[in-house]
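Structural overview
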Amino acid sequence: MVSMLYSYRRCLIPLSLGITLSGWSAVGLAAPNFAAESLAKADGAEGVAIAQIEAETPADPEPLILDEQPAPANPTGAGLEPGEEAVPLSTDGDEEDYLSAPAQSGLPLPQSDRPTDQGFDVPPEYLTPEANPLLVPTRPEEVEIVGTQPLSLETAIELAYRNSEELRIALLQLERSQAGLRAERASLYPTVDLTGSLQTTNQSSSGGGSQFGGGDITTTTGSTTLRTDYDLGLSGERSARISAAERQVRLSELQLEQTREDLRLNTITDYYAVQEAIEQIRINQAFLEEAERNLRDSQLREEVGVGTRFDVLRAEVQVANARQTLTQAASQREIAQRQLSRRLNVPPSIELTSLAVNIAGAWPLSLEESIVLAYQNRAELEQFLVEREFNDAQRQISLSTVRPNLGVFGQYGLQSVLGSSTGATTGLNDGFSLGAQLSWRLFDAGAARARATQNELDIQTDEFEFESARNDIRVQVEEAYYTLVANQSNIDTASVAVNQAEEALELATLRFNAGVGTQLDVLTATRELAEAEGNLVTAVLDYNRALARLERAVSNLGSPPEIIN
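What counts as what
Residues numbered from 1 in each chain as written. Predicted model: local features only at pLDDT ≥ 70, side-chain atom pairs only at ≥ 80, totals over all residues. Heavy atoms only, no water. Helix = DSSP H or I, 4+ residues; strand = E, 2+ residues; numbered from the N terminus. Buried < 20%, exposed > 50% of the residue type's maximum accessible area, 1.4 Å probe, protein only. Contact = heavy atoms within 4.5 Å. Areas by Shrake-Rupley, 256 points an atom, 1.4 Å probe, with all protein chains shown as cover. Core = buried A, V, L, I, M, F, W, Y, C linked by side-chain atoms within 4.5 Å. Expected span 1.5 Å × (residues − 1). Phe/Tyr/Trp six-rings, centres within 6.5 Å; stacked < 30°, edge-to-face > 60°. Lys NZ or Arg CZ within 6 Å of the ring centre and 35° of its normal. Salt bridge = Lys/Arg side-chain N within 4 Å of Asp/Glu carboxyl O. Axes fitted to C-alpha atoms, helices over the stretch in contact; angles between N-to-C directions. Parallel < 35°, antiparallel > 145°, perpendicular 65-115°, else oblique. Left-handed = near helix turned anticlockwise from the far one by under 90°. Nonpolar A, V, L, I, M, F, W, Y, C, P; charged D, E, K, R; others polar. Polar contact = N/O pair within 3.5 Å; in protein donor to acceptor, adjacent residues only side chain to side chain. pLDDT = per-residue confidence, 0-100. Patch = residues over 30% accessible without salt bridge, like charges linked within 9 Å, V, L, I, M, F, W, Y side chains within 5 Å.

Per the secondary structure count, the protein includes 10 helices and 8 strands. Within the protein, buried positions represent 40% of all 565 residues. For the protein, long-range pairs separated by at least 24 residues make up 81% of all intrachain contacts whose partners lie at least 6 apart in sequence. As displayed, the protein offers around 30400 Å² of accessible surface, 52% of which is attributable to carbon and sulfur atoms.

Written out as C-alpha cells, the structure reads:
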C-alpha cells in the first residue's frame, strides 16, 4: 500500500484561546497520483517518504494549504479519483479531431483553455444552463454524461452565483417589489382622465300636437370630458402605502442577501461532500489493495505449508468487506457529484469534480467578536425589524378607512349635436368645473379597529421573532466556533495517528513474516491505518465545514458579489 504523504506548515490562527500552532504533517489528503510521483522523484526514493514533523512558528500568518506541490501540466486532471480521467482540453491543433468525434449530445465537451483554479471571466457554454427554462430533454443522449470538469471551490461559488435559480427568483422578487413601490409613489401625482361618448337617440311621436307633425326624431350627440383628480392625503393612507412598499423593497433586498449567503454555504457543503467521497474512494482503494496483497501472501504460505486455511479465509473476508466498502464509496461519490452539479445548475451532460483537499483558511476573530459581528451583519435580524415597520404601516392603512379623506378635482367638458332628423342646427357647448370632495366613514362596526389590532399583534410577533433569531444566531456562531477549534486539534491528533498506524502496519507485517506475529495483528493494523487516514480527512473537511458555517453565521465578511442578470 503506497501512502501519499504531504507536509505543510500550519500558521498561527488568532483565536480567543491564543493557541500557537506548530508545523505538522498531513497524510494522504486528497492529492492526485502525479503529486506522489513528483515527491518520489524529488526525494530520489523508491516510495514516498514520511514527512517529518518540523516544529516551527511562522512570524507572519500564512494560509493553511495541504498541497504545496507544483501544478500539473494538465490542470484538468487535478482532483480526479484513481482511474478517472478528465476530458482533454482541446487546442487549435486537435480541434478538427474534436469536432469530428461522434457527438453524444448537443452540448460541447469541456474545453477550458485555462487552469480551473483561476476561474472563468465568462463561463464556457458547457457550464451555462439552457436559456429556455421550460426546456425538458426528451432523448437519453441529451442527459448522458459526456465530460468531467474539475473546479476549484472559488469557481464553483462563482458559477453558483451565475446559474442558481433560487438567486434569480430572489432577484425577480426584488424587481417586483421595486415595481410595486413605483406604483404606490404614483399616487403623489394627480390623475388625468379623458372620456368621450357618441350617442344616438330615436324618439317616436304621434298626433298633431307636435310642430313637426307625427314621426320619428333621431338625434346624434357627441361629448368629451377631461377630468383631473388629486387626493390630498388627509387620511394618511397614501403615505402609509408608500411606506409599506418601501419596507417591502427592503425585505426583498434582505431576502436576496440571505439567499446568496445560503447558496454560498450550500455550495461549499456540496463541494466538500465531493472531496470527502473522492478521498474515501482513495482510502478504501488503498485498503483493498493491501487486503488483496495480504490474501496473496496467505495463499502462498498455505501452499508452502507454513500457513493455514483459516488465515486464507480471514484474508478473503477482509477483501470482500473492503470491496463492498469501496463500491459504496463510489456510489456516494456519484451522488455527491450530481448534487454539486444540481446546485450549480450546469447542464446534465457535464459531471463536476473537485480539486485536492486543503485547509480552507484561518478565522481571525475571537468568539465574542464573532458574536457581536454576527449581530451587526445578519440579514435575518434586520428583516424582523423591517417587518415590524411594515406591519406598522399596514396598521396605519387599516385606520385610514375611518378617517376623513379630502380630494380636489377639475373637469372640462364639450358637447355637440352632430346631426338631427328634424334639421335642427348643430351646436357646440362646453363647460368647466372645479370642486372638492370629502368622504368620511362614520361607522364600520369596528372593522378598521379590528384590522389594526391584528397588525399590532403582528408587530409584537416580529419583536419576539427578533429575540428568537438573535439567540439562534449566537448558538450558530458558538457551535461553528467550537467545532472549528475542536477539529483544529483533531487534525494534529489524526496526523500523528496516521504516522503511528503506518509504522504499526510495517512492524506487524515484519513480525508476521518472521513467524513471531499473527495474521490478526496484520489485519488489525491494516484496518487501523485506513481508519486513521479517514479520520484525518474527516478532521480537515469538518474544519472546513465549520469555517464555512462560521462565515455564514457572521455573514457579509467581504463585499457582496455582483448578481448576473
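Still more to cover.
With that out of the way, let us pick up the nonpolar core. Judged by nonpolar contacts, the single largest core of 85 residues is most densely connected at L127, L344, L352 and V477. A total of 18 residues in this core trace back to one element, the largest contributor, which is helix α5 (residues 237-304). With residues near it in sequence (within four places) discarded, L352 still touches L127, Q149, L151, Q337, L340, S341, L344 and V346.

We now examine helix α6 (residues 309-344). If you check α6, its first and last C-alpha atoms are 53 Å apart, about what 36 residues at 1.5 Å a residue would give, namely 52 Å. N345 sits one or two positions beyond α6 and adopts a positive phi of about 55 degrees.

Of all 5 residues in strand β6 (residues 350-354), 5 are buried, a share of seventy percent or more. Taking every second residue as pointing to the same face, both faces of β6 are buried, with I350, L352 and S354 on one and E351 and T353 on the other.

Moving on, we come to the pairing of strand β3 (residues 147-151). Counted residue by residue, β3 has 5 buried out of 5 residues, so it is predominantly covered. Neither face of β3 is left uncovered, since the one carrying G147, Q149 and L151 and the one carrying T148 and P150 both have all their residues buried.

This brings us to unusual backbone geometry. The phi dihedral of N345 falls on the positive side, at around 55 degrees, and the residue is not glycine. Secondary-structure assignment places N345 in the loop between α6 and β6. Of note, A445 is a non-glycine position whose phi angle comes to about 65 degrees, a positive value. In this fold, A445 is placed in the loop between β8 (428-439) and α9 (447-514).

So, about the packing of aromatic side chains. Centre distance and the angle of the planes are the two values used to describe a pair of aromatic rings. Enumeration according to the criterion identifies 2 aromatic pairs in this entry. Summarising the aromatic geometry, the rings of Y481 and Y482 are spaced 6.3 Å apart at their centres and angled 75 degrees between planes, so their arrangement reads as edge-to-face. Positioned over the ring face of F409 is R227, at 4.3 Å from the centre of the ring.

Let's shift gears to the pattern of salt bridges. Applying the stated criterion across every chain, the model contains 28 salt bridges. The shortest N-O distance in the salt bridge between E478 and R474 comes to 2.9 Å. Placement of both E478 and R474 in helix α9 is noted, with a separation of 4 residues, approximately one turn of the helix. We classify E478 as buried; its relative accessible area is 18%. Judged by relative accessible area, which is 39%, R474 ranks as partly exposed. Residues joined in a network through salt bridges with shared partners are R185, E246, R247 and E389.

Attention shifts here to the packing of α5 against α6. With their axes 8 Å apart at the nearest point, α5 and α6 run at an angle of 160 degrees to one another. Taken together, the axes of α5 and α6 lie roughly antiparallel to each other. Crossing geometry of α5 relative to α6 is assigned as left-handed. Classifying every residue of the contact of α5 with α6 by side-chain character gives 21 nonpolar, 13 polar and 9 charged.

Here we take up the environment of I145. Looking at the secondary structure, you find I145 in the loop between α2 (95-100) and β3. Residue class for I145 comes out partly exposed when judged on its relative accessible area of 39%. On a C-alpha basis, the gap between I145 and I350 in space is 5.5 Å, while along the polypeptide they are 205 residues apart.

Turning our eyes to something else, we now look at the packing of α5 against helix α8 (residues 379-400). One way to put it is that α5 packs onto α8 with a least axis distance of 8 Å and a crossing angle of 160 degrees. Considering their axes alone, α5 and α8 lie roughly antiparallel with respect to each other. When you trace α5 past α8, the crossing you get is left-handed. Looking at the contact of α5 with α8 residue by residue, the classes come out as 9 nonpolar, 8 polar and 9 charged.

Attention now goes to the side chain of R282. Here R282 lies in helix α5. The exposure class assigned to R282 is buried, which follows from its relative accessible area of 10%. Side chain to side chain, R282 and E279 meet in a polar contact 2.9 Å long.

Overall, the prediction assigns the protein a mean pLDDT of 77, with 74% of residues at 70 or greater. Ranking the elements of the protein by mean pLDDT puts strand β1 (residues 5-8) last, at 31, and helix α4 (residues 165-185) first, at 95. Within the model, the stretch residues 1-115 combines pLDDT values under 50 with 226 contacts to residues more than four positions away or in other chains. Low confidence marks residues 559-565, where pLDDT is under 50. Its contacts with residues over four positions away, or in another chain, come to 11 contacts.

So, on to a nonpolar patch on the surface. Nonpolar side chains collect at one region of the surface, where V192, L194, L226, Y412, L414, L428, F432 and L434 lie side by side and expose about 850 Å² of accessible area between them. Where the nonpolar patch is concerned, the elements lending two or more residues are β4 (191-205), β7 (405-420) and β8. Mapped onto the fold, L194 is located in strand β4. The exposure class assigned to L194 is exposed, which follows from its relative accessible area of 63%.

To continue, consider the environment of S187. One can find S187 in the loop between α4 and β4. For S187, a relative accessible area of 29% gives the class partly exposed. Distance in space between the C-alpha atoms of S187 and D231 is 7.9 Å, their sequence separation being 44 residues.

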